[in-house]
There are 2 protein chains.
Amino acid sequence: MLNDTSLHHLDISHIRSSCATCSLRELCLPVGLNDQEIQVLGDVVSHKRKIQRGGYLHRTGSNFQSLFAIRSGFLKTCVLEEDGRQQVTGFHMTGELLGLDAISTDTHTCDAIALEDSEVCEIPFAKLEEISRTIPSLMRHFHKIMSREIVRDHGVMLLLGSMKAEERLASFLLNLSRRFLMRGYSESEFNLRMTREEIGSYLGLKLETVSRAFSKLQDENIIAVDNKHIQINDIARLRLKMGNSSCIT
Amino acid sequence: MLNDTSLHHLDISHIRSSCATCSLRELCLPVGLNDQEIQVLGDVVSHKRKIQRGGYLHRTGSNFQSLFAIRSGFLKTCVLEEDGRQQVTGFHMTGELLGLDAISTDTHTCDAIALEDSEVCEIPFAKLEEISRTIPSLMRHFHKIMSREIVRDHGVMLLLGSMKAEERLASFLLNLSRRFLMRGYSESEFNLRMTREEIGSYLGLKLETVSRAFSKLQDENIIAVDNKHIQINDIARLRLKMGNSSCIT
DNA sequence: TGTTAATTTTGATTCAGATCAATTAAAGCG
DNA sequence: CGCTTTAATTGATCTGAATCAAAATTAACA
């Protein structure tokens, strides 16, 4: 459950690297395409963009033209309320696709902010639709990505609707762990890119509660916390903490 | 915010009724298509299915073949946890599209249960993808539907993550009100099809809390509650109750 | 490098909503 | 129609997380 805009579980190692413009292999889209198709797709996603830490990839209300595939870095998406407070709707890392929400109204419905220096590929949506007409597997794949985002959101709804603080944090850490693993990083040791407040916003908790939950898990020797650095000592017990283990797979 | 799998706000009155098999006008898909295109689409969605109150449209884990467009009735979708408790992920009414979550893995990720006798049109997904290749506006429209579901889910996440009980119920009622209005029913008076427990599951509250929130709103003369029958006396004040009014539009 | 600002931790207290419990009302059904 | 089951309301109590508050730590930056 939790975050998974894209499809890292798919093995993309078989993709041949014929793309000159942009290393598509890291991206989420070209799964299962042949050389020629990758070439076509590559022409579409050629435009790269760098965002500095703290910078905006897009803002709520801004015009939608393109999806963004994250090549590197780490971003959050959040909706801003009148009163100034923000609700984080997701954390996003390499290979994931941003902007799906904006297709609905041709307007971005959330802010996307880089939590560390990041690089994205811009994918003009009109062009993506166009070429997906001639490459059925690309269309199918894109639909799966959108669907997966819906499934993820349902998972978060379940988390927010029925789990308690410690379960939420366990779920969150396990989700991060899995996503780091899929990208070839350690599943048991990583650095958080977001603050306690941002975690809290995402999990529907106050930052103090997040901090306390971290401390609690550390006291039980399930994890070791050193500020932003997390070490998972006992992943099995962390899974137990989640309670209904249906959420994360 | 809250429920809006589909796109009732679009005016479909201009659609010419050339479809022999199934009255597509009620459905969400054929917006902006010409006669011939509607004909093509009509051939795909011809298969109808009735579900009795309490019956399943699909179950978690079952094979995904088709999306379902609701022609009449009222359904809920919910995910079942190990412990037997269920989390309602949405309530769905005429014109909305079910099954989007299943595209991701070709397996349904939730149960869809009729809360009253309902009728749906089955839309074989492979065929939909196929014809959407030749009808760009249909493809675009389908993408907007998926995207809108993502936006809706983000709205629910915001609700679950940051609103308190009374705000959640106000938001829920206003959402229902709007959806009834869009279908030509009264926005100020309607019957709930779901129990307090199901509302609570959806809103992340216990049924007692839902009941108390109803009573509170009634005491303040904002609504009148008679079991499942709801009358909204002061929609403006109900909106105020929601707090951050960004959610519902 | 020193100074300031932001973040994190921890404690004390409060409160919204959960839980427990009992009653009332409505819906099925033989 | 009366009986049983299910759903809804309301009250009393408890509890997990919010809030308030202060100290400690880390990061930012001139």
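Residues numbered from 1 in each chain as written. Chains lettered and ligands numbered in written order. Predicted model: local features only at pLDDT ≥ 70, side-chain atom pairs only at ≥ 80, totals over all residues.

Colleague: Is there a simple way to explain the interface of chain A and chain B in this structure?
Modeller: Quite often, the size of an interface is put as the accessible area lost when its parts meet. Opposite the 35 residues of chain A that make contact, chain B presents 35 residues. Contributions of two or more residues to the side of chain A that touches chain B are made by β4 (86-93), α2 (125-134) and α3 (136-162) of chain A. (Contact = placed C-beta atoms within 7 Å. Helix = DSSP H or I, 4+ residues; strand = E, 2+ residues; numbered from the N terminus.)

Colleague: Would you take a moment to explain the protein's contact with DNA strand D for this structure?
Modeller: With respect to spatial proximity, 19 residues lie near DNA strand D, and among them A:Lys164, A:Thr209, B:Thr195, B:Ser211 and B:Ser215 are the closest. Of all the secondary-structure elements, those providing two or more residues to the surface near DNA strand D are α6 (207-219) of chain A together with α5 (196-203) and α6 (207-219) of chain B. For the surface near DNA strand D, the element with the highest residue contribution is α6(B), accounting for 6 residues. By residue class, the composition of the surface near DNA strand D is 5 nonpolar, 6 polar and 8 charged. (Near = placed C-beta within 6 Å. Nonpolar A, V, L, I, M, F, W, Y, C, P; charged D, E, K, R; others polar.)

Colleague: Please clarify how the UniProt feature "domain: HTH crp-type" (unreviewed entry) in chain A should be interpreted in this entry.
Modeller: Using the residue numbers shown here, the UniProt feature "domain: HTH crp-type" (unreviewed entry) corresponds to residues 163-236 of chain A. Across residues 163-236 of chain A one finds 55% helix and 15% strand; the C-alpha atoms that close the span lie 18 Å apart. (UniProt positions renumbered as here; feature names shortened; annotations may be inferred.)

Colleague: Mind showing me how you'd approach the domain arrangement of chain A here?
Modeller: All names here are of chain A. Looking at chain A, the domain boundaries give domain 1 (15-156) and domain 2 (164-241). One C-alpha centre belongs to domain 1, the other to domain 2; they are set 26 Å apart. Contacts between the two partners involve 10 residues from domain 1, matched on the other side by 7 residues from domain 2. Elements with a contribution of two residues or more to the side of domain 1 that touches domain 2: β3 (66-80), β4 and β6 (111-124). Tallied by class, the residues present in the side of domain 1 that touches domain 2 amount to 5 nonpolar, 3 polar and 2 charged. (Domains from an automatic or database assignment.)

Colleague: What am I meant to see in the protein's contact with DNA strand C here?
Modeller: In the region of DNA strand C, 19 residues are neighbours, and A:Thr195, A:Ser211, A:Ser215, B:Lys164 and B:Thr209 sit closest. Counting residues per element, the ones that place at least two in the surface near DNA strand C are α5 (196-203) and α6 of chain A together with α6 of chain B. For the surface near DNA strand C, the leading source of residues is α6(A), giving 6 residues. Considering only residue class, the surface near DNA strand C consists of 5 nonpolar, 6 polar and 8 charged.

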